[in-house]
Amino acid sequence: MRRWRSDVIRGELRVGRRDLRGGFRHSARLTFDDIASVYLLRSKDHAQPARLYLRLAGSDGALEVARGPEAELDPLRDRLTRDLSR
């Protein structure tokens, strides 16, 4: 699964993966302008994880950035929304 790191000062989001040692391996960089919105896709089946997405500007595409319990993803969505609105 992809991971992300937000850099508010640079106005960018770095996408990558964790390596076996827990380090972050960068694979893509998006500016905040590249991101149209942040949304949480909730499952009707509560046994299934919720998924957090970034909707890309000028595209029908979205990037999944996290999945897990809805209660854990809500604060993450709020933080991303706050970072992107600065």
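A brief report on the enclosed structure follows. Just so we're clear, the structure is a prediction, and the values are computed from it rather than from any experiment.

Counting residues in each nonpolar core, the largest one holds 16 residues, and the members touching the most others are L52, L54 and L80. Elements represented by at least two residues in this core include exactly β2 (12–18), β4 (35–41), β5 (50–56), β6 (62–68) and α1 (70–85).

This part is about the packing of aromatic side chains. Note on aromatic pairs: each is described by the distance of the centres and the angle between the planes. Evaluation of the coordinates by the stated rule reveals 1 aromatic pair. Plain terms: the ring middles of Y39 and Y53 are 5.3 Å apart, the flat faces sit at 15° to each other, and that makes the pair stacked. Residue Y39 is located in strand β4, and its partner Y53 is located in strand β5; the two are separated by 14 residues in the primary sequence. Among the residues examined, Y39 registers a relative accessible area of 23% and is labelled partly exposed. The exposure class assigned to Y53 is buried, which follows from its relative accessible area of 14%.

Before going further, it helps to spend a moment on the sheet that holds β5. Within the open sheet, the 3 strands sit side by side as β4-β5-β6. Their pairing is antiparallel. The open sheet terminates on both sides in strands that have one partner only, identified here as β4 and β6. Neighbouring strand axes in the sheet, compared pairwise and without regard to direction, differ in orientation by 15° on average. Alignment of β5 against β6, held across 6 bridges, turns out to be antiparallel. Paired with A50 across the strands is G68, a residue of β6. Set on the sheet, α1 makes contact with β4, β5 and β6; between it and β4 the angle comes to about 170°.

Rules behind the numbers
- Residues numbered from 1 in each chain as written.
- Predicted model: local features only at pLDDT ≥ 70, side-chain atom pairs only at ≥ 80, totals over all residues.
- Heavy atoms only, no water.
- Core = buried A, V, L, I, M, F, W, Y, C linked by side-chain atoms within 4.5 Å.
- Buried < 20%, exposed > 50% of the residue type's maximum accessible area, 1.4 Å probe, protein only.
- Helix = DSSP H or I, 4+ residues; strand = E, 2+ residues; numbered from the N terminus.
- Phe/Tyr/Trp six-rings, centres within 6.5 Å; stacked < 30°, edge-to-face > 60°.
- Pairing = 2+ DSSP bridges.
- Axes fitted to C-alpha atoms, helices over the stretch in contact; angles between N-to-C directions.
- Contact = heavy atoms within 4.5 Å.

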